[in-house]
Amino acid sequence: MKFAKSSLCLVLLSGLSFNALAEVDIYGKANVTVQSSDDGEGSFTEIKSNASRFGLKGSEKISDGLEAVYKFEFQVDVSDADSKGDDDNISARNQYVGFKGGFGQVVIGRNDTALKQAQGKLDLFNDLEGDIKNTFKGENRLGNSVSYASNSYEGFKVLASFIAEDDVDAKNGYSVALTYGDAGLKKSAVYAAIAADSEVNGYDVVRATVQGKIEDFRLGAMYQTQEKVDGSAEADGYLVNAAYLMGSNTFKVQYQTMDFDDSDDKSAISVGVDHKLNKNLKVFGFYSSFDIDNNVDQDYLGLGMEYKF
């Protein structure tokens, strides 16, 4: 949905004001599941909102080759209050303002780190129980950050994040990535990235990602090493997945594992199928099982729908 230039001066949302002279895109996604969950103490039925969201984004031309850009995105729990019983079901996602031009894009605010962005669309169970954030460190969205994304040069892009720690005893964080290809695999048959975090949210991380398509198959892999900045925990792990497109259906499977020095290893396998009803609406089912050393196993079985607008 877009608002063109008009005499309207301000659009108010959650106490934030936007200049209506700049084009505004309103967008969102509702993703909900009914699922049987077993966290290790017995199964129960729940309804979950999986990172459902709405947002506003846009840009305004400043001069030839220079634009001001912004995004204000919010996560909404459309199922119920959160797990702590709080009634406030709205939280912040990426929210920033900056400039875009021949140099690329620079934004200031809350944003996904370069390492998180470099994952592309590898995670086949993103926002669900099998999301890689439940096994791997580095899936960070942080405030107090300055983010840079270069323009594409023969398929290559550079991403960088600076995270300011507003504490005299803390160290600033840095995240960098080099990517190649189209993450959606629409303009290229291969997407690959190498990324690293230094002092980001308590961890140093190095991650390599690759995904490709062969006819109706999508194959992906990721390798990662991670270490707490205090040196107390080191681990390395990998992920492999595959998806097969057949008409309106996508069948997918994903395995991920992380091996820790202290033997608290964690692995997960997820299988699922998506059925596309139209461009914006799909229904899906999934099963995810976690095997955790020195802890109880976890299992999740769910059916859901996703609607984008």
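Here, every reference points to the structure presented above.
Residue numbers here run from 1 along each chain, matching the order of that chain's written sequence. Local features in this predicted model are restricted to residues of pLDDT 70 or higher, and side-chain atom pairs are both shown and tallied only at a pLDDT of 80 or more, whereas totals for entire chains, interfaces and linings draw on every residue. In computing side-chain properties, one takes all heavy atoms of the structure into account and sets aside hydrogens as well as water.

**Remarks on unusual backbone geometry**
- The phi dihedral of Ala-51 falls on the positive side, at around 55°, and the residue is not glycine.
- Per the convention used, a helix needs a DSSP run of H or I reaching at least four residues, while a strand needs a run of E reaching at least two, with both numbered from the N terminus. Within the secondary structure, Ala-51 is located in the loop between strand 5 (43-49) and strand 6 (53-63).
- Its identity as a non-glycine residue notwithstanding, Glu-215 has a phi of 55°, on the positive side.
- Summarising the element assignment, Glu-215 is placed in the loop between strand 14 (203-214) and strand 15 (217-228).

**Some points on a negative patch on the surface**
- Each patch is assembled from residues with relative accessible area greater than 30% and no salt bridge, linking like charges that lie within 9 Å and nonpolar side chains (Val, Leu, Ile, Met, Phe, Trp, Tyr) that lie within 5 Å. With residues, only the protein chains shown are counted as cover, and all accessible areas are computed by Shrake-Rupley using a 1.4 Å probe. We define a salt bridge as a contact between a side-chain nitrogen of Lys or Arg and a carboxyl oxygen of Asp or Glu at a distance within 4 Å. The charge count includes Lys and Arg as positive and Asp and Glu as negative, but it does not include His or the ends of the chains. Where a charge lies is defined by one atom per residue type: Lys uses NZ, Arg uses CZ, Asp uses CG and Glu uses CD. Residues Glu-234, Asp-236, Asp-259, Asp-261, Asp-262, Asp-264, Asp-291, Asp-293 and Asp-297 make up a contiguous surface patch of negative charge.
- Working definition: with a 1.4 Å probe on protein chains only, accessible area under 20% of the residue-type maximum means buried, over 50% means exposed, and in between means partly exposed. Given a relative accessible area of 31%, Asp-293 falls into the partly exposed group.

**Comments concerning the side chain of Lys-71**
- Relative to the elements of secondary structure, Lys-71 occurs in strand 7 (residues 66-76).
- With no salt bridge to any partner, buried Lys-71 finds its closest opposite charge in Glu-73, at an N-O distance of 4.2 Å.

**Some details on the nonpolar core**
- Among the buried residues, those of types Ala, Val, Leu, Ile, Met, Phe, Trp, Tyr and Cys that are joined through side-chain atoms within 4.5 Å form a nonpolar core. Core analysis: the biggest nonpolar cluster contains 12 residues, these being Ala-114, Leu-115, Ala-118, Ala-149, Leu-159, Ala-177, Leu-185, Tyr-191, Ala-193, Ala-195, Tyr-203 and Val-205.
- At the level of secondary structure, the elements contributing two or more residues to this core comprise helix 1 (114-117), strand 13 (190-200) and strand 14.
- Broken down by element, the residue count for this core peaks at 3 residues, all from strand 13.
- With residues up to four places along the chain from it excluded, the contact list for Tyr-203 reads Lys-137, Asp-197, Ser-198, Gln-226, Glu-227, Lys-228 and Val-229.
- Ranked by size, the runner-up nonpolar core spans 10 residues in total, among them Ala-268, Phe-284, Phe-286 and Ile-292. Throughout, a contact is declared for two residues whenever any of their heavy atoms are within 4.5 Å.

**Thoughts on the pattern of salt bridges**
- For the coordinates displayed, the defined rule picks out 11 salt bridges.
- Where Arg-207 meets Glu-139, a salt bridge forms, and the shortest distance between an N and an O atom there is 2.7 Å. Of the two residues, Arg-207 sits in strand 14 while Glu-139 sits in the loop between helix 1 and strand 10 (141-149), which places them 68 residues apart along the sequence.
- According to the relative accessible area criterion, Arg-207 is buried, its value standing at 1%.
- Classification of Glu-139 by relative accessible area gives buried; the value is 16%.
- Notably, a salt bridge pairs Asp-274 with Lys-252, separated by 3.0 Å at the nearest N-O pair. On the criterion of sequence distance, the pair formed by Asp-274 in strand 18 (residues 266-276) and Lys-252 in strand 17 (residues 249-260) is long-range, its members being 22 residues apart.

**A short note on the packing of aromatic side chains**
- Here a Phe, Tyr or Trp ring, Trp counted by its six-membered ring, pairs with any other such ring whose centre lies within 6.5 Å, and the pair is stacked when the planes are under 30 degrees apart, edge-to-face when over 60, and tilted otherwise. Taken as a whole, this structure holds 8 aromatic pairs when the rule is applied.
- Seen in terms of ring centroids, Phe-156 and Tyr-180 are 4.8 Å apart; in terms of plane orientation they differ by 50°. Their pairing is tilted. Placement of the pair is Phe-156 in strand 11 (residues 156-163) and Tyr-180 in strand 12 (residues 173-180), with a sequence separation of 24 residues.
- By relative accessible area, which is 40% here, Phe-156 ends up partly exposed.
- A residue is classified by how much of its surface remains accessible, and Tyr-180, at 36% relative accessible area, is partly exposed.
- For the pair Phe-217 and Tyr-244, a centre-to-centre distance of 4.8 Å together with 40° between the ring planes defines the contact as tilted. Of this pair, Phe-217 sits in strand 15 while Tyr-244 sits in strand 16 (residues 234-246), placing them 27 residues apart in sequence.
- A relative accessible area of 42% means that Phe-217 is categorised as partly exposed.
- Residue placement shows Lys-57 over the ring face of Tyr-27; its charged tip is 5.0 Å from the ring centre. Consider the ring centre and the ring normal. A charge sits over the ring if Lys NZ or Arg CZ is within 6 Å of that centre and within 35 degrees of that normal.

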